[in-house]
Amino acid sequence: MPHKISFCVMHASGSDTGVSLHDLEVHSPLARGWQSPRFCLYPQEIVIQLADKTRIRKLQLLAHQYLIPTKIEFYIGSLPPDHVTTLHGTRYKRLGYVGMSDNSKTGYKARELKSVHVDAVGQYLRLVIHKNHVNKYNVYNQVSLIAINVIGDEITSEEDMKLFEEDNNHKVNRVIKEFMPEGYFAEESNHANNETDTAVLGGVNRKEYISPMDDLAFDMYQDPEVAQVIRKLDVRKNEAVLQEQYDLAKKLKQAIADLQKVGEKLGRYEVEKRRAIETEDYDLAKIKKIQMEEYRLQIYQQLELNDLLKLSKNGENDASLPPMKDESLRNLPGQVRTNSPSSTGQRASDIPAPATIVDRPLPTLNKHSPSNNIPEPLPSKPDQNDAAGRDEAVSDSMMTGGLPSDHAEPMNENALRQAAAAIDVFGQELVAKLFSKNWTFREEALAEIKQKLENEPETTDKDEVRNVLRASIYLSSKGLKDKVFAVFISALSLVRSLYEDWIPKHKPHKADTSHSLEVVIPDLMARIGDTNARLKAANVDFISELAMYKEVRPLHCVPHHFVTPFKGTTQAKMAVMRVEIVEKLLKELGIEKHSGLSVDNVMAFAKRALEHTAGEVREASVHLIIELYRLKAAAVRSHLPPEDDPKTMKNPLYCKIFDGMDRADGKPTKAERKAKAQSEKASEKRQKQAEIEELQQQLSELRAAAVAQGQNPEDIGGQSGGKLSKTANKDQLPKKMPRAPSIAEQSDFGDDIDKQCIFCGEEDKSFKDEGLDMHYWKYCPVLKRCNSCKQVVEISALNNHLLTECEGRAKHAKCIRCTETHLKNEVERYVKDKICQPPKPGMSKCPLCHVSIAAEDDKDSNWRKHLTGSGKDACSKNPRREPAIKRVRDKTAVRDKSQASSEKNKLTSKAPESTAKRRIATKDKKAKSKIPRP
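Residue indices follow the written sequence of each chain, beginning from 1 at its first position. Side-chain atom pairs in this predicted model are given and counted only at pLDDT of 80 or more, local residue features only at pLDDT of at least 70, and totals for whole chains, interfaces and linings cover all residues. Think of the side-chain values as coming from all heavy atoms in the structure, minus any hydrogens and water.

## Let's talk about the packing of aromatic side chains
Put simply, the rule is: Think of it this way: a Phe, Tyr or Trp ring, Trp meaning its six-membered ring, pairs with another when their centres are within 6.5 Å, and the plane angle makes it stacked under 30 degrees, edge-to-face over 60, tilted otherwise. Helical segments are the DSSP runs of H or I of at least four residues, strand segments are the runs of E of at least two, and each set is numbered from the N terminus. The cut-offs for exposure are 20% and 50% of the maximum accessible area for each residue type, with area from a 1.4 Å probe on protein chains only; residues under the lower value are buried, those over the upper are exposed, and the others partly exposed. Whether a charge lies above a ring is judged from NZ of Lys or CZ of Arg, which has to be within 6 Å of the ring centre and within 35 degrees of the ring normal.
Within this structure, the stated rule accounts for five aromatic pairs. Between Phe39 and Tyr140, the ring centres sit 5.7 Å apart and the planes meet at 85 degrees, which makes this aromatic pair edge-to-face. Residue Phe39 is located in the loop between strand S3 (34-35) and strand S4 (44-63), and its partner Tyr140 is located in the loop between strand S7 (113-129) and strand S8 (144-154); the two are separated by 101 residues in the primary sequence. Given the relative accessible area of 31%, Tyr140 is considered partly exposed. One aromatic cluster in this structure is built from Tyr66, Tyr108 and Tyr137. The ring of Tyr75 has Arg126 sitting right over it, with the charged end atom 4.4 Å from the ring centre. It is Lys288 that lies over the ring of Tyr269; its NZ or CZ is 5.1 Å from the centre.

Given below as C-alpha cells:
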C-alpha cells in the first residue's frame, strides 16, 4: 500500500538568510520550509533524494500564504546502474507542472495545498520553481515552499520493477480496449513498448485508498506526539477489524477522532509558545509549557490511552506509548483542571516542578481563551473524584511555597485594611483568594461571589443592599484590572450579573447604582487599548451591552464618560477605540432625548478627535461625523464650516467629511461631479468634431461624384431655382468652404429671407452660412437623415429617395399594399401578414408614423402641419418636432418682450423727437429757398 516516503534535500539554487533547506524534511506545525533569496533569479531549483528507488503515486506541495510561485515543474530522475552517487549523472524525465493561485481571494491568509497523482519510478525528484506572484506583502519578489510530501512504494528488487511495468501495460491496454475504437492500435504490443505519460498512468493506476495519516495536511496541523499516537491507534483499529472485534474498533475510531481535534488545538498552542520564545518572553513560554502538558495528560487519562495502546493482535502488552520518563504524571488519580490554558511542546518528563508561578497576561497571539475555549473533557468514570483530582494537579504544578492546594496565602495588613468592607460582606477566606498571587484562586473567588449574589434572597434593607453592591463592585474592579485574561473574563461576568439580574431584583437607590458605574466604567475604559485582542474585544462588546441595560441607560453614565473630549496626548490606540465605541453607542442608542448623546456633545468630541496627531484617530473621527450626519444632517452642518469656503476645502479632512455627506445623501462627490463635467465636455467636443468630419467627408464624396458626372464641383451645395430640391443636402458644406449664392441673394426681398428656414419656416438670426446648415443637419423637423446613406432629405420624399437616389436603393423595394418603402426581405412579410395598412384614396403616408397625409391642394402645407404641428394630427414619431416647438415658443416670448420694451421707450421719447423733426424741417426749408433756380 502506498505510504509516506522519507527524503532529504540534496540541492537548492539558494535560500534566504536564516532558512535551512532541511526544514522541508520535517512536517510539523512549526515547520518554516524553504524560502528563496531576496530578488533572486528565476527559475529556482530544489532536488530531493528519496531513501530508495520508489514508485511515486502522489506528490503534495504546501505553498506560503504570500510568497507564492506562479508555476512549479516536476522532474523524476535516477542514476544509471553502477554509477557514482552524484547529482551530475542523474537522468531526469519531466512529469508535468502545476499552477499556483495568487491567493488574493483569501487576503493572503490561507496556504494552498496542491496534490498531484502520478505513477513514475525514480530516486531523485527535481522541482523547478518559476517566478513569484506579485502582491503588496512580497516586497522582495521571493517564493517559498512550506512542505513537500511524497507518497509511494519502495522498489527493492528487479522483480518489483517488472511487476510495475507489466501492471502499467496491462491497465493501459485495458483502458484502450474499453474506451478506444477497434483498430486504434494495430497491435497492443506495439503500444506497450511506447512510453506512456506518467500523468496518464497516475490517473489510470490511481490508488483507491491512501491513508489520511500519510496526508500532508495531517502532519502540518497535528502535534507530533499526538500524531504518533493516532497512527498507532489506527493500526490497532485495522487489526481489530480483521479480528472482527467491532466494539473495540468503534472505540478506537472514536478515540482517533477525539485525538485529531486535540492534536490540532495543541499544534496551535505550540505555535503560540514558539512566538513567546521568539519575543523572549520566557516566563510566558514556561507557563504555556506546563499548561499544555496538563491538558495533554488529562486527555490521555480520559481516553484510557494506556489500555488502548496495550491491545495488540495477540492480546499481548505493547509498550508503545509516547516516551515519558516520569510515570507518576501518568498515574494521577482523577482529572486535572479543565480551565487551565493548554499548549503543546515539551513532554511531561521535561517539565520541572516550579517553585513559583509567574502571573503574566497571555499574549494576543493566543487565539483561544484559556478558560473557555479548551475542549470540554470527555466524560470520566463515575467513581473518580473530580475535586480531589483537581486539587492534586494544582498542588503538583501550580501552587507556591508548599502551601496546601485548597488555601490561598494570607493577606497582609494593607490588603486587610483596603478590603475591610468586602470582608464584612463575603468573609476573609473568599477575599483572600481574590488577593492571591495564583490566578486560579482569583478566578475561583470571582465565580464564588457571582454564585452568592445569584443565590442571595431578596431584601428590603437598603443599607444592606448598598453594602453588598459596593463590596461586589470593589472586588470586581480588582478583577477588571487583572492582567490574566481568565480573571478579567470572570470579573466581566460578575459585573454583567450585577447589572443584568441583581440590581433589577434588589432595586438599590439610583445614587448607589450611579456610584457603582463611576467605579466600573473607568476600569473598563482603561482596558479598551489592551494588547490582548480577545480581552479588548470582550471589553468593547460589554461596554455597549452595559449601556443598554434597563437600570443603566436612564443614568447616561456610559455615554457621558465616552463623549468627554480627550487630551491631545492620549495614546492613539486608546483614542481610536474611544471614537469607535462612541460610534457604536450612536448606532445603538441613537440621538434621542434620553439617550445621553446629542449632536452638540458628539460633535465637540469629534472635533477634538480631528485635532489628534495620529492619522487613524482623525480617520475614525471622520467616520463618526458621517454616521452622525445620517441621523441629524442639518444639525451636523451647523457645526461645520461652510463648504464653499476655499480655506475649508484646503483641509483634506473636511474634504473627506463633505464627500462622505454627499454619499450619505446619495449625491456624487465634488471630485466625481468635476470628473463627470470634464467627461461630458470632452464627449461633446468629440461628437462635434465627428459631425464636422462627417460633413466634410460627405461633401468630398458629393464633389467627387459631380466630377465623375462632368459637373462643376463648386456648385455642390448651392441652389439655382426658387426652391431647394427635395434631396438637396445643403448641410454638407464645410465651415471654411465658400458658399454658393443663396435664395436670399437671388431674391427681390433682400437678406431677410436668408434668416428663415425654407422648409419649416423657423426664423433665427444665426441662420447665416454654417448656422443654417447646422439647422438642416440636426434640428429642422421637416428634414431627416437617411439611415442608409446619411444624407439629409425631406421626410415627405423619403420613400422616393430610398427607391431612386439612395446608395442603398438596391436593398429597398416598394410595398404594393401600403405604397411605403421597406427592405426587400421584409416586403413579402408585410403583405402576407398584413402588417401595414394601405393609404386612403388621394393621400400619401408618413414614413415615420404611417398616418395618411392629404396629397392634393396645398401638399407642402399639409406635410409641414403634420411634421411641425402640436395638435392630434401631429407626427408622434418625429424626434425633432417637440424641440422645434419649444425653440419657436422661446423665441416668440423673447421677441414679444423685446417689442414691448421698445414700444415703451418710444412713448417716453415721442415729444422731444417731434420737436427735433420740426427744427430740422425748418432748416431744410431755408436751405432749399437759397438754391437758385436753373
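## What about helix H24 (residues 652-664)?
What counts, and what does not: Here the expected span of a helix is defined as 1.5 Å times the quantity of residues minus one. Whether two residues are in contact is decided by their heavy atoms: any pair within 4.5 Å suffices. N or O atoms closer than or at 3.5 Å make up a polar contact, with two conditions inside protein: a donor-capable atom paired with an acceptor-capable one, and, for residues adjacent in sequence, both atoms drawn from side chains.
In this model H24 runs 18 Å from its N-terminal to its C-terminal C-alpha over 13 residues, within 8% of the 18 Å that 1.5 Å per residue would give. Buried residues belonging to H24 abut helix H20 (599-610), helix H21 (615-631), helix H22 (633-638), helix H23 (646-649) and helix H25 (670-708). Between a side-chain oxygen at the N-terminus of H24 and the backbone nitrogen of Leu653 the separation is 3.0 Å; the capping residue is Asn651.

## Here's the deal with the pattern of salt bridges
Selection rule: Between Lys or Arg on one side and Asp or Glu on the other, a salt bridge is scored when a side-chain nitrogen of the former is within 4 Å of a carboxyl oxygen of the latter.
For the structure shown, the criterion picks out 31 salt bridges. With a shortest N-O distance of 3.9 Å, Glu882 and Arg881 are connected by a salt bridge. The class of Arg881 is buried, set by a relative accessible area of 11%.

## Structural notes on the environment of His639
Positionally, His639 belongs in the loop between H22 and H23. In this structure His639 comes out as partly exposed when scored by relative accessible area, which is 23%. A sequence separation of 36 residues divides His639 from Met603, and the C-alpha atoms of the two residues are 7.2 Å apart.

## Digging into unusual backbone geometry
Cis geometry marks the peptide bond from Tyr42 to Pro43, where omega comes out at 5 degrees. Structurally, Pro43 is set in the loop between S3 and S4. Backbone geometry at Lys507 places phi at a positive 50 degrees, although glycine is not the residue there. The residue Lys507 is located in the loop between helix H15 (485-506) and helix H16 (510-526) in this model.

## Points about the layout of surface pockets
Formally: Residues are called lining when one of their atoms sits within 4 Å of a cavity or pocket point, these points coming from a 1 Å grid over the protein atoms alone, where a cavity is a set in which a 1.4 Å probe fits but cannot get out and a pocket is an open set with protein on both sides within 12 Å along at least five of seven lines. Grid points are joined across faces, edges and corners, and a volume is the space filled by probe spheres set on the points. Any residue outside Ala, Val, Leu, Ile, Met, Phe, Trp, Tyr, Cys, Pro, Asp, Glu, Lys and Arg is labelled polar, Gly included; the first ten of those are nonpolar and the last four are charged.
Here the largest pocket defines a volume of roughly 910 Å³. Along the wall of the largest pocket there are 28 residues; nearest its centre are Pro29, Ala31, Arg111, Val271 and Arg275. Tallied by class, residues from the lining of the largest pocket come to 13 nonpolar, five polar and ten charged.

## A closer look at the packing of helix H17 (residues 533-547) against helix H19 (residues 572-589)
What counts, and what does not: The axes are straight lines fitted to the C-alpha atoms, using for helices just the contacting stretch, and the angles between their N-to-C directions are given from 0 to 180°. The hand of a helix crossing depends on one turn: near helix anticlockwise from the far one by less than a right angle means left-handed, and clockwise means right-handed.
Direction vectors running N to C along H17 and H19 enclose 35 degrees, while the axes themselves pass 10 Å from each other. At the point where H17 passes H19, the crossing takes the right-handed sense. Residues Lys536, Val540, Asp541, Ile543, Ser544 and Ala547 of H17 pack against Met577, Ile581, Lys584, Leu585, Glu588 and Leu589 of H19. Per-class residue counts for the contact of H17 with H19 are seven nonpolar, one polar and four charged.

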